[in-house]
Amino acid sequence: MNNTLQQIDKQHIWHPFDILHAENIMIERGEGVNLYTTDGRQILDAISSWWVNIHGHAQPDIAKAIYNQAQKIEQVIFAGFSHAPAVTLAQSLLKILPFSFDQIFYSDNGSTSVEVALKLAMQYWYNQGIKKSKIVALEAAYHGDTFGAMAVGERSVFSKPFQKYLFDVAVLPLHSASAKECVAHFETIACQGDVAAFIYEPLIQGAAGMVIYEPDLLQSLLEVAQKYNIICIADEVMTGFGRTGKLFASEYMSIAPDMMCLSKGITGGFLPLGVTVINEKISVQFQSTEKEKRFYHGHSYTANPLSCAAANASMNLLLTKECQQQIQLIAKAHQFFLEQIRGHSKIVKIQALGTILSIELFSESGTSYFSKNRNYLYQFFLDRDILLRPLGNVIYILPPYVINEVQLNKIYTAIAELLATL
Ligand SMILES: Cc1ncc(COP(=O)(O)O)c(C=O)c1O
């Protein structure tokens, strides 16, 4: 057996969402928007490596912040102890978050930030002795792969084997009905008085295929939630930290969520970290010293100092004028390209929101994650040294904010080339 790294990987490492013994591209290093393979290729990472890498790869300031922190304290139990990077990060978040929040609860990825929000919402009612247990979610939602997150996500082949273990959720017909019907549906459920929480990806559903929906519709749904005293959970795991053109997608709305889930871009893609942000209305119900009312949830790596240090450095970069200008530049470039290719016969839908551009291509078998065109599309761009990871027949660009015009044009040119061949 030839023991190259790639072969060992193929033999023994089980990669997410893939078959066993898949062949993976070996990456040696990264710089800016580029990934460099062990066999000498340079690949443009147009999806920020699963939407996390907002400032580009191996960003020196973040690398330095982690190095400096590692020499002080790399990890400490977060029960009974705390540390400066966690406090600094909490302070910064509370300052830049839209609306007023009270508490920061750390965990270690997007799914766990959702689990925490769901459990807090359930216990919020439990602590008051109020029987409200129904959770409302949006059609086509994705909130992660842990059990609670799966339960509030779209039921699909992904979650089918676990169906009987997932709690019941009321699903709002975001796509299969008109906006008016969707709001009316929510009103019908809400007026029964047993809804504990409403969870949503604000304005854009990532895993569903970067599907953008109207702020007015979300605003109306939030109004219903407000009217019936339903806890609102904004899952900003993907949309947070500038992705949609504002620091947080919730800023497009005038009604505040009670909780927000954050992860992905928070550390600039360097280390895992999850945050659940909680307002005072929720936290006040946990202030009691009674043991039964405490929130019993924690992860070993909660608020890891290295992750928090990376997040603080990433935040500093995000708030610079240069980074904010880059976000606007990308948004403008996307709009320009969108106008150029809009109306192409093979495009079913094309949408842009901030730094995200999504193009749904015509497929004879309809739109699906398992569209048979997906592998062709993935390979088409990879052959041109561009990493785009289509969601079925939906191609999307979600680049690191440091991408320049030449690099953006390289992606647009490849897409135009693809359209010409279809
Ligand atoms: C909106 C949303 N919520 C939650 C998650 C889960 O995050 P993680 O993969 O870090 O568990 C994702 C991941 O794509 C997401 O897009």
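No experiment lies behind these values; they were computed from the predicted model shown.

**Student:** Explain the site of the ligand to me, using residue names and the numbers behind them.
**Tutor:** The ligand sits among Trp51, Asn109, Gly110, Ser111, Tyr142, His143, Gly144, Glu201, Asp235, Val237, Met238 and Lys264. Contact between the ligand and Lys264: an oxygen atom at 3.2 Å from a side-chain N or O atom of the residue. When the ligand is considered free in solution it has 390 Å² of accessible area, and contact with the protein chains removes 83% of it.

**Student:** Now, about the nonpolar core: what can you tell me, with residues and values included?
**Tutor:** Of all hydrophobic cores here, the largest spans 97 residues; its most connected members are Leu93, Tyr106, Phe186, Phe198 and Leu388. Two domains each put at least three residues into this core: domain 1 (5-58 + 321-421) and domain 2 (64-318). Tyr106 has contacts with Phe78, Ala86, Leu89, Ala90, Leu273, Gly274, Val275, Thr302, Ala303 and Cys308, leaving out every residue within four places of it along the chain. Among the nonpolar cores identified, the runner-up in size contains 25 residues, and Ala117, Ala121, Ala149 and Phe286 belong to it.

**Student:** Give a detailed account of the pairing of strand β2 (residues 34-37), specifying residues and quantitative values.
**Tutor:** Here is the key point about a regular strand: its side chains alternate between the two faces of the sheet. Covered by surrounding structure in β2 are Asn34 and Tyr36 together with Leu35 and Thr37, the residues of both alternating faces. Where strand β1 (residues 27-31) and β2 come together, four bridges link them in antiparallel fashion. Bridge pairing in β2 links Glu31 to Asn34. Bridge count for β2 against strand β3 (residues 42-45) is three bridges, and the pairing is antiparallel. If you follow Tyr36 over to β3, its bridge partner there is Gln42. Count of turn residues in the β2/β3 antiparallel hairpin: four residues, of which Gly40 carries a positive phi of about 90°.

**Student:** Help me get a handle on the pattern of salt bridges, residues and values and all.
**Tutor:** Two side chains bearing opposite charge may form a pair once their charged atoms approach each other closely. Applying the stated criterion across every chain, the model contains eight salt bridges. A salt bridge links Lys134 to Asp194, with the shortest nitrogen-to-oxygen separation between them at 3.6 Å. With Lys134 in strand β5 (residues 134-138) and Asp194 in the loop between α7 (179-190) and β7 (195-200), this residue pair connects regions lying 60 residues apart in the sequence. Accessibility expressed as a relative area gives 26% for Lys134, which makes it partly exposed. Note on Asp194: relative accessible area 24%, which makes it partly exposed.

Basis of the calculations
Residues numbered from 1 in each chain as written. Predicted model: local features only at pLDDT ≥ 70, side-chain atom pairs only at ≥ 80, totals over all residues. Heavy atoms only, no water. Near = heavy atom within 4 Å. Polar contact = N/O pair within 3.5 Å; in protein donor to acceptor, adjacent residues only side chain to side chain. Areas by Shrake-Rupley, 256 points an atom, 1.4 Å probe, with all protein chains shown as cover. Core = buried A, V, L, I, M, F, W, Y, C linked by side-chain atoms within 4.5 Å. Buried < 20%, exposed > 50% of the residue type's maximum accessible area, 1.4 Å probe, protein only. Domains from an automatic or database assignment. Contact = heavy atoms within 4.5 Å. Helix = DSSP H or I, 4+ residues; strand = E, 2+ residues; numbered from the N terminus. Pairing = 2+ DSSP bridges. Salt bridge = Lys/Arg side-chain N within 4 Å of Asp/Glu carboxyl O.

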